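Remarks on the overall topology
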Amino acid sequence: MITLSCTAPPSVEPAAGERGSRLPWIEVAVSLPRGSRAEEMLDRLVQIGISALRPLITERTQGFARDRSPARAARLERVVREACKQSRRAWVPEIQAQIGVADLARL
C-alpha cells in the first residue's frame, strides 16, 4: 500500500494568454483542407501552441467543408485532445465557429 501526502499547495498552470502564462494567445483562422489533411494540419497547429482555431469560409472553400457536421466537429475535437496529450499541453485549444473573410476583417 502506498500513502501519499501533499507537502505544498497545488500549482495551477494558467491558460495561454492569461496573466502569468509563458505562452501567448495565438489564434489561427484558416480554410480547412479536405479529409485527413485538415486533421494533420490541426494536429500540428496544436502541437506548436495555438490557443484557438477559427475555420475560415473562403470563395474557394469546398462545399462539404462549409457544412460543419456534428460528426466532423467531434472528430476535430478528438484530434485536438490527442494532440494535446502528445505535446503534454495542459489546456485544450478552442475550435471556434466558422467565419467568412469579411467578418474576419471586421474583427
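No experiment lies behind these values; they were computed from the predicted model shown. (Residues numbered from 1 in each chain as written. Predicted model: local features only at pLDDT ≥ 70, side-chain atom pairs only at ≥ 80, totals over all residues. Heavy atoms only, no water.)

1. A look at helix α1 (residues 36-48)
Over its 13 residues, α1 extends 19 Å from the first C-alpha to the last, a length consistent with the 18 Å expected when each residue adds 1.5 Å. What α1 keeps buried is the set A38, L42, L45 and V46. Buried residues in α1, looked at end-on, bunch into an arc of 100 degrees, giving them a common side. Among the exposed residues of α1, those pointing more than 90 degrees away from its buried face are R37, R44 and I48. (Helix = DSSP H or I, 4+ residues; strand = E, 2+ residues; numbered from the N terminus. Expected span 1.5 Å × (residues − 1). Buried < 20%, exposed > 50% of the residue type's maximum accessible area, 1.4 Å probe, protein only. Arc of directions from axis to C-beta.)

2. Brief notes about unusual backbone geometry
Although it is not a glycine, R88 adopts a positive phi angle of roughly 60 degrees. In this structure, R88 sits in the loop between α3 (70-87) and β3 (94-95). On the accessibility criterion, R88 (78% relative accessible area) is exposed.

3. Let's talk about the nonpolar core
With 12 residues, the main nonpolar core is built from L32, A38, L42, L45, V46, I50, L53, L76, V79, V80, A83 and C84. Ranked by residue count, the leading element in this core is α3, at 5 residues. Ignoring any residue separated from it by four or fewer positions in sequence, one finds L53 in contact with V28, V30, L32, L42, L45, E94, I95 and Q96. (Core = buried A, V, L, I, M, F, W, Y, C linked by side-chain atoms within 4.5 Å. Contact = heavy atoms within 4.5 Å.)

4. Overview of the packing of α1 against α3
One way to put it is that α1 packs onto α3 with a least axis distance of 9 Å and a crossing angle of 40 degrees. Taken as a pair, α1 and α3 cross one another with a handedness that is right-handed. From α1, A38, E39, L42, D43, V46 and Q47 reach across to α3, where they touch R72, R75, L76, V79, V80, A83, C84, Q86 and S87. Across the contact of α1 with α3, the residue classes break down as 8 nonpolar, 3 polar and 4 charged. (Axes fitted to C-alpha atoms, helices over the stretch in contact; angles between N-to-C directions. Left-handed = near helix turned anticlockwise from the far one by under 90°. Nonpolar A, V, L, I, M, F, W, Y, C, P; charged D, E, K, R; others polar.)

5. A short note on the confidence of the model for the chain
Confidence in the prediction of the chain, expressed as mean pLDDT, is 85, and 93% of residues score 70 or more. Within the chain, strand β1 (residues 27-30) carries the highest mean pLDDT (92), whereas helix α2 (residues 63-66) carries the lowest (50). (pLDDT = per-residue confidence, 0-100.)

6. Observations concerning the side chain of R54
Here R54 is to be found in strand β2 (residues 52-57). If near-sequence neighbours (up to four positions away) are discounted, R54 is found in contact with E27, V28, A29, V30, Q96, A97, I99 and L107.

7. Focus: the pairing of β1
Bridge analysis of β1 against β2 gives 4 bridges, and the strand direction is parallel. Among the inter-strand pairings, V30 is bridged to a residue of β2, identified as P55. The handedness of the β1 to β2 crossover, carried by α1, is right-handed. (Pairing = 2+ DSSP bridges. Right-handed = clockwise from strand over helix to strand, strands pointing away.)

8. What about α3?
In this model α3 runs 26 Å from its N-terminal to its C-terminal C-alpha over 18 residues, within 8% of the 26 Å that 1.5 Å per residue would give. Along α3, the residues classified as buried are R72, A73, L76, V79, V80, A83 and C84. Looking down the long axis of α3, one finds its buried residues gathered within 135 degrees of arc, a one-sided arrangement. Projecting away from the buried face of α3 at angles above 90 degrees are the exposed residues P70, A71 and K85.

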